[in-house]
Amino acid sequence: MNKNEVENNNTKSPMGDLGGKTLFDKIWDAHVVSAVENGPTQLYIDRHFCHEVTSPQAFNGLRARGLKVFRPEKTTLTADHNTPTINQDQPVKDPVSKNQLDTFSKNAAEFELPLFFPLGHIKNGVVHIIGPENGFTHPGATIVCGDSHTSTHGAFGAIAFGIGTSEVEMVLATQCVLQSRPKTMRITFNGKLNKGVTAKDLALYMISKLTTGGATGYFVEYAGEAIRNLSMEERMTVCNLSIEMGARGGMIAPDQTTFDYVNGREFAPKGAEWDKALAYWKTLKTDEGAKFDKEIAFDAADIQPMITYGTNPGMGMGIQDTIPTLSDIDEAGRISFQKSLDYMGFQPGEKLVGKSVDYVFLGSCTNGRIEDFRVFANYVKGKKKADNVVAWLVPGSWMVEKQIREEGLYDIITEAGFELRQPGCSACLAMNDDKVPAGKYAVSTSNRNFEGRQGPGARTILAGPLVAAAAAITGKITDPRV
């Protein structure tokens, strides 16, 4: 355990310490319906998000048991994983995707779910983008979805986590879910981020230090000056990636930045209800003296633009650094480390700056928001896309697509030789037409770089929107600060 890591070995009461409660404790305790001693908690869920991939079996389960959806207005549905990102006005060509999307529509109609945004709907988009931008995501809420990156919504000071298909059925039927209470961790980023360093870099840096299992069993609260300085969209990026270090979820205490973002959105509280909600939301912060099971601190000034070099998000490094050598790796992990490098076609000790790339992907629930497109457009303005690069620029929703056009970003990126595609999960995962060919390198703003994640044999290099923009212009891994 290093100087920046403190572990509290005292047994903590489920109701918090005498010194006060953490933000997590306050929200969890407010949603407990019942609890089994040394067993799971029945937790009430305020908002359930649903997409076409993890829901069919859940609806089949309800159908088989003759059940209706208990609180239809508490479930928001959008098609995203299987959606094509071109020609959405035409019939979906891939038979598997078409079946998933058609089944989703039939289930929404049969179970009379009013908040359904299918392919072509003005509110359609990636589930973890359309939720916040439409005002479904609130501080103090419990939020679930059959998707790993549900932790995105924790940026608002909510308890948000992914669930499995059987749990999706449970929430649809009861508006509750059974969960074991996780441990708590606070990760503090002291100081300010340097110029050219994004929220994605902060998250990849953190995961590289903690590894993909470093937060397993914990719910993480992010704190510190660098976190407070982030916009809401940047906070969503950080919380989105919590799962990639094994955490159950991540959260940031709400503040004026949060309140300003939520206020006025279509499904946010209005009038007297807003005043009441705001008064409660302002109480949602960790009490002075509250104890976490584990505390970790980083200096924001140590972070540079990040890239990954391997086949999990924990295999990351500063863009000017070199891949570790075998002697840097624990003996137990050397075989898997070398296997990962062999898949990527990299060598221990190699520097990746200047390495040629084939694809660039801007999008996903991690980096498919308007601020990501602003960063990308600002870098490529007046420049031209490299001829050797295929670029997929995929807005996270139709609302983002509309903003791109209204702000003039569309003109900038098209003049630079890029095309804007239509909303969807796209190349984040090989579940639609946007697949990277085998052996090709893709600099991707998504969240996972597993073998085959972007297509069989595809080689994924995770990065932020600024590094992605630099790669798209130069045709190689490039430090955007240079």
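Anyway, here's the lowdown on the structure attached to this text. (Residues numbered from 1 in each chain as written. Predicted model: local features only at pLDDT ≥ 70, side-chain atom pairs only at ≥ 80, totals over all residues. Heavy atoms only, no water.)

## Overview of the sheet that holds strand 2 (residues 32-35)
Formally: DSSP-based pairing: two strands are paired if at least 2 bridges between them are found. Numbering of helices and strands starts at the N terminus; helices are DSSP runs of H or I of at least 4 residues and strands are runs of E of at least 2. To define axes, lines are fitted to C-alpha atoms, for helices over the stretch in contact only, and angles between the resulting N-to-C directions are given on a 0 to 180 degree scale.
Strand order across the open sheet formed by 3 strands is 2-3-9, with antiparallel pairing between neighbours. A single partner strand is all that each edge strand has here, and the edge strands are strand 2 and strand 9 (176-179). Across the sheet, the mean angle from the axis of one strand to that of its neighbour is 20 degrees, orientation sign disregarded. Across 4 bridges, the pairing between strand 3 (residues 41-44) and strand 9 is antiparallel. For glutamine 42, the partnering residue across the bridge sits in strand 9 and is leucine 178.

## Things to note about unusual backbone geometry
The phi torsion of most residues other than glycine is negative, and most of the peptide bonds are trans. As a reminder, the rule being used: Only protein chains enter the accessibility calculation, which uses a 1.4 Å probe; a residue is then buried when its area is under 20% of its type maximum, exposed when over 50%, and partly exposed in between.
Even without a glycine there, the phi angle at asparagine 87 is positive, about 55 degrees. For asparagine 87, a relative accessible area of 38% gives the class partly exposed. For glutamate 112, which is not glycine, the phi torsion reads 55 degrees and is therefore positive. Along the polypeptide, glutamate 112 turns up in the loop between helix 3 (95-110) and strand 6 (116-117).

## Description of the packing of aromatic side chains
What counts, and what does not: For Phe, Tyr and Trp, where Trp contributes only its six-membered ring, two rings pair if their centres lie within 6.5 Å, and the inter-plane angle classes them as stacked under 30 degrees, edge-to-face over 60, or tilted in between.
By the definition in use, this model includes 16 aromatic pairs. With centroids separated by 4.2 Å and ring planes inclined at 20 degrees, the aromatic side chains of phenylalanine 136 and phenylalanine 267 adopt a geometry described as stacked. In this pair, phenylalanine 136 is assigned in the loop between helix 4 (127-133) and strand 7 (142-145) and phenylalanine 267 in the loop between helix 9 (256-262) and helix 10 (271-281), connecting sequence segments 131 residues apart. By relative accessible area, phenylalanine 136 is classed as buried at 4%. Between phenylalanine 156 and tyrosine 261, the aromatic rings sit 5.5 Å apart at their centres with planes inclined by 65 degrees, giving edge-to-face as the arrangement.

## Comments concerning the sheet that holds strand 7
Spatially, the 5 strands line up as an open sheet ordered 6-5-4-7-8, and their pairing is parallel. The outermost strands of the open sheet, each flanked by one partner alone, are strand 6 and strand 8 (159-162). Of the strand pairs in this sheet, strand 4 (residues 47-50) and strand 7 are connected by 3 bridges, and their pairing is parallel. Each residue of the ladder has a partner; that of histidine 48, found in strand 7, is valine 144.

## Section: the environment of proline 395
Convention followed: In this analysis, two residues are considered to be in contact whenever any of their non-hydrogen atoms come within 4.5 Å of each other.
Positionally, proline 395 belongs in the loop between strand 17 (390-393) and helix 14 (398-406). When the C-alpha positions of proline 395 and methionine 344 are compared, they lie 27 Å apart, and in sequence the two are 51 residues distant. For proline 395, the contacting residues outside a window of four places in its chain are Gly368, Phe373, Val400, Glu401, Ile404, Leu420, Arg421, Gln422, Pro423 and Gly424.

## Focus on the pattern of salt bridges
The cut-off we apply is this: Salt bridge, as used here: a side-chain nitrogen of Lys or Arg that lies within 4 Å of a carboxyl oxygen of Asp or Glu.
Taken as a whole and judged by the stated rule, the model has 20 salt bridges. A salt bridge links arginine 181 to aspartate 25; the nearest nitrogen and oxygen atoms lie 3.0 Å apart. With arginine 181 in the loop between strand 9 and strand 10 (183-190) and aspartate 25 in helix 1 (residues 23-30), this pair connects stretches of sequence that are 156 residues apart. Judged by its relative accessible area of 27%, arginine 181 falls in the partly exposed class. As a salt-bridge pair, arginine 186 and glutamate 295 come within 2.9 Å of each other at their nearest N and O atoms.

## As for the layout of surface pockets
This is how the line gets drawn: Only protein atoms enter the 1 Å grid used here. Points where a 1.4 Å probe fits but cannot escape make up a cavity, open sets with protein on both sides within 12 Å along at least five of seven lines make up a pocket, and a residue lines them when an atom lies within 4 Å of a point. Grid points are joined across faces, edges and corners, and a volume is the space filled by probe spheres set on the points.
Here the largest pocket defines a volume of roughly 660 Å³. Surrounding the largest pocket, 27 residues form its lining, Ser208, Thr211, Tyr309, Gly314 and Pro324 being those nearest its centre. Put simply, the parts of the chain that give the lining of the largest pocket at least two residues each are helix 6 (199-210), strand 15 (316-318) and helix 11 (334-344). The calculated volume of the second largest pocket comes to roughly 430 Å³.

## Here's the deal with the nonpolar core
What counts, and what does not: Residues enter a nonpolar core if they are buried and are Ala, Val, Leu, Ile, Met, Phe, Trp, Tyr or Cys, with the set joined through side-chain atoms within 4.5 Å.
Of all hydrophobic cores here, the largest spans 76 residues; its most connected members are Phe59, Ile187, Phe189, Tyr222 and Met245. By size, the runner-up hydrophobic cluster in this structure holds 61 residues, among which are Cys365, Ile413, Leu420 and Val436.

## With respect to the packing of helix 2 (residues 56-65) against helix 3
Helix-helix packing: each pair is described by the crossing angle between the helix axes and the interaxial distance. Our working definition: Helix crossings get a hand from a simple test, with the near helix turned counterclockwise from the far one by less than a right angle marking a left-handed crossing and a clockwise turn marking a right-handed one.
Two elements in contact, helix 2 and helix 3, have axes separated by 10 Å at closest approach and are oriented at 40 degrees. Crossing angle aside, the handedness with which helix 2 passes helix 3 is left-handed. Two secondary-structure elements touch here, helix 2 through Pro56, Phe59 and Arg63 and helix 3 through Gln100, Thr103, Asn107 and Glu110.

## Description of the pairing of strand 19 (residues 459-462)
Along strand 19, one buried face is formed by Arg459 and Ile461 and the opposite face, lined by Thr460 and Leu462, is buried too. Here strand 18 (residues 441-444) pairs with strand 19 via 4 bridges, running parallel. If you follow serine 444 over to strand 19, its bridge partner there is leucine 462.

## Things to note about the packing of helix 13 (residues 370-380) against helix 14
What counts here: All amino acids are sorted into three groups, where Ala, Val, Leu, Ile, Met, Phe, Trp, Tyr, Cys and Pro are nonpolar, Asp, Glu, Lys and Arg are charged, and the leftover types, Gly among them, are polar.
Relative orientation of the contacting elements helix 13 and helix 14 amounts to 35 degrees, with a least axis distance of 9 Å. Our pair here, helix 13 against helix 14, has a crossing hand that is right-handed. Counted together, Ile370, Phe373 and Arg374 of helix 13 and Val400, Gln403 and Ile404 of helix 14 form the full contact between these two elements. Partitioning the contact of helix 13 with helix 14 into residue classes produces 4 nonpolar, 1 polar and 1 charged.

## Let's talk about the pairing of strand 3
The pairing of strand 2 with strand 3 spans 3 bridges and is classified as antiparallel. From the neighbouring strand, alanine 35 faces strand 3, where its bridge partner is threonine 41. Between strand 2 and strand 3, which pair antiparallel and follow one another directly, the connecting turn spans 5 residues, one of which, asparagine 38, has a positive phi of 60 degrees.

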